[in-house]
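# Residue-level structural notes
Listed below are the residues making up each chain.
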Amino acid sequence: MVDRSVRLEGYANARELGGLPLSGGGVTPRRVFLRSESPDLLPPASWERLRDYGVRTIVDLRRADERAGDRGTRPHWAAVVTVDLHDAAFDERHWDDGLVGTALHYLEFLLEPPIAAVLETIADAEPGAVLVHCVGGRDRTGLVSALLLAIVGVETEAIVDDYLESVRNAPALAALQGVPNWEPNVSRLLADRGTSTEKSFRAFLAGLDVDAVLDAVTPARAEALRTWRGGLL
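Moving on to the overall build of the protein chain. What the protein chain contains, in helices and strands, is 11 helices and 5 strands. Its C-alpha atoms give the protein chain a radius of gyration of 17 Å, near enough to 17 Å, the size a compact globule of 233 residues would have. Its C-alpha atoms put the protein chain at 45 × 40 × 35 Å along the principal axes. The 233 residues of the protein chain split such that 53% are buried. Across the protein chain, the fraction of contacts at a sequence separation of at least 24, relative to all contacts at a separation of at least 6, is 72%. When the accessible surface of the protein chain is split by element, carbon and sulfur atoms take 53% of a total near 10,400 Å².

All right, on to the side chain of Thr28 then. Within the secondary structure, Thr28 is located in the loop between β1 (15–16) and β2 (33–36). In this view, Thr28 contacts Leu17, Gly18, Gly19, Leu20, Leu22, Val152, Val154 and Trp228; residues no more than four positions away in its chain are not counted.

Helix α11 (residues 219–226) packs onto helix α5 (residues 113–124) with a crossing angle of 70 degrees between their chain directions and a minimal axis gap of 9 Å. Considering their axes alone, α5 and α11 lie roughly perpendicular with respect to each other. Every residue of α11 that contacts α5 at Leu119, Glu120, Ile122, Ala123 and Asp124 is listed here: Arg221, Ala224 and Leu225. A per-class count over the contact of α5 with α11 returns 5 nonpolar, no polar and 3 charged.

Cut-off values and rules
Residues numbered from 1 in each chain as written. Predicted model: local features only at pLDDT ≥ 70, side-chain atom pairs only at ≥ 80, totals over all residues. Heavy atoms only, no water. Helix = DSSP H or I, 4+ residues; strand = E, 2+ residues; numbered from the N terminus. Rg over C-alpha atoms; globule rule 2.2 N^0.38 Å. Buried < 20%, exposed > 50% of the residue type's maximum accessible area, 1.4 Å probe, protein only. Contact = heavy atoms within 4.5 Å. Areas by Shrake-Rupley, 256 points an atom, 1.4 Å probe, with all protein chains shown as cover. Axes fitted to C-alpha atoms, helices over the stretch in contact; angles between N-to-C directions. Parallel < 35°, antiparallel > 145°, perpendicular 65-115°, else oblique. Nonpolar A, V, L, I, M, F, W, Y, C, P; charged D, E, K, R; others polar.

As structure tokens, then:
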């Protein structure tokens, strides 16, 4: 796969969603969508490089308590839109069983209102590239990124590889953020359920109904997502 990493100080798990192969030929356009962990550790120089790259909207998927721990501010030129991708009812059902934070919950979560809200936010963003992030850029960001890629028909292996890139980046991300690497725990949880990170994500893609996802938004927004905000004709 093409290296799409966004190599900036303060980032360990940031990358372009452009440059991935489409099943009908061609590749996804660059400077439309980027994904990352929380940008809270970015110094001013890294923010300026994102601005030069074309980023104008930041979609923050974190909970309010996660945002409250921010140590830095966002630049004035970036429109920051928060869409809490945690659903209280869903969390109540699944937090204790460990499904939150793995692809095992993705298909069920597609039925929850926050998914439509984040897709609407992305479709309605001001001109310029859109950066989507959560805390680690792995689970919530991974789900939204997979939807954006599947909607335009990116090849399955490329979507899987993009998802697994966050797993490969986990040690560096944990070191940067000063937290434990959660991947060994996730692997053990999934192994106990007879699956793995890759297998559970592939099962999600196999069961994903893109048309049903787009039915949750207006036709105009669905068209914006299908064309990657005009980047694909």
